[in-house]
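So you can see what is in the structure, the chains are spelled out below.
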Amino acid sequence: MPSRSAEADLTILSVDTSLPILSVALMHRERLIGGITLMGKESRNEKLLPSVDWLLSEAGVARNELGLLVVTRGPGSFTGVRVGLATVQGLSVALEIPICAMSTHEAFAESVREDGHSVLIQGDAGRGEFYVSAFIHDDEVLVPSLMNRDDVGALHERFDRHLVIDERLESINVAMSAARRAARLCSAGVLARYAAATPIYVRLAEAEVKLQQKADERSARQS
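Residues numbered from 1 in each chain as written. Predicted model: local features only at pLDDT ≥ 70, side-chain atom pairs only at ≥ 80, totals over all residues. Heavy atoms only, no water.

## Looking at the nonpolar core
Thinking step 1. Core analysis: the largest hydrophobic core is formed by 30 residues, its most contacted members being Ile 12, Leu 68, Val 70, Cys 100, Met 102, Phe 108 and Ile 121.
Thinking step 2. Looking at this core, the elements with two or more residues in it are β2 (21-28), β4 (68-72), β5 (99-102), α3 (104-110), β6 (118-126) and α6 (174-187).
Thinking step 3. In terms of residue count, α6 provides more of this core than any other element does, seven residues in total.
Thinking step 4. Ignoring sequence-local partners within four residues, the contact set of Val 70 consists of Ile 12, Leu 13, Ser 14, Val 15, Val 88, Cys 100, Met 102, Ala 178, Ala 179 and Ala 182. (Core = buried A, V, L, I, M, F, W, Y, C linked by side-chain atoms within 4.5 Å. Buried < 20%, exposed > 50% of the residue type's maximum accessible area, 1.4 Å probe, protein only. Helix = DSSP H or I, 4+ residues; strand = E, 2+ residues; numbered from the N terminus. Contact = heavy atoms within 4.5 Å.)

Rendered as structure tokens:
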């Protein structure tokens, strides 16, 4: 289990692989050191660790100088979420440092954060559906949910801002936003709430849907 304290040396390495554009960021407390964004939809496994190593090398930061690892856990690409979580968990064990794992939507909400304001986050889930969540200041008031377009439209007037992830992908380094939020969480002493590096899928992957359908068919035949 990781034993080093994030507060002792808050140099933060943050990654997001849940979206089509892979992002990595490096911060010391609330000061940005550097960041990378790459198209990573089809090759997250090949690009993530080289991106991390390049960023650390350019910044002159050794892995053992890191104090906190930050990772997004979805909703988003099923494969991407798994790659990010597995990589960061491996680094956490090897370096003996803690993880701050937050929803991808929470990281996006940080990019438009205004005290007291509320934001509705919408991401494409395919099949004409959307992953949706909402935040008021630092509080998640709607957990990631699957909705159709009409359901999302009905929520618009309840929130100050409406952020469509796909429209912001090229202008926001999601890992950087996640790192900034993690720094604030650390200062507030609430990092322990974000230790669970479990994926947020919202719905089953296509392969799991097929397995479930086959199981249902077998059950129906046997009954």
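Still more to cover.
## Looking at the environment of Leu 142
Thinking step 1. In this fold, Leu 142 is placed in strand β8 (residues 139-148).
Thinking step 2. A sequence separation of 22 residues divides Leu 142 from Leu 120, and the C-alpha atoms of the two residues are 8.7 Å apart.
Thinking step 3. In this structure, Leu 142 is in contact with Val 132, Ser 133, Ala 134, Met 147 and Leu 155, ignoring residues within four places of it in sequence.

## Quick look at helix α2 (residues 78-95)
Think of an α-helix as turning once every 3.6 residues; residues three or four places apart then point the same way.
Thinking step 1. Over its 18 residues, α2 runs 26 Å from end to end, which matches the ideal 26 Å to within 8%, given 1.5 Å per residue.
Thinking step 2. Of the residues making up α2, those classed as buried are Phe 78, Gly 80, Val 81, Val 83, Gly 84, Leu 85, Thr 87, Val 88, Leu 91, Ser 92 and Leu 95.
Thinking step 3. Where α2 is buried, its residues meet β1 (11-16), α1 (44-59), β4, β5 and β7 (129-136).
Thinking step 4. Of the residues flanking the end of α2, it is Glu 96, one or two places downstream, whose phi is positive at about 60°. (Expected span 1.5 Å × (residues − 1).)

## Description of the environment of Glu 30
Thinking step 1. The residue Glu 30 is located in the loop between β2 and β3 (31-39) in this model.
Thinking step 2. Residue classification places Glu 30 among the exposed residues on the basis of a relative accessible area of 54%.
Thinking step 3. The sequence separation of Glu 30 and Arg 184 amounts to 154 residues, and the corresponding C-alpha distance is 7.9 Å.
Thinking step 4. With residues near it in sequence (within four places) discarded, Glu 30 still touches Ala 183, Arg 184 and Ser 187.

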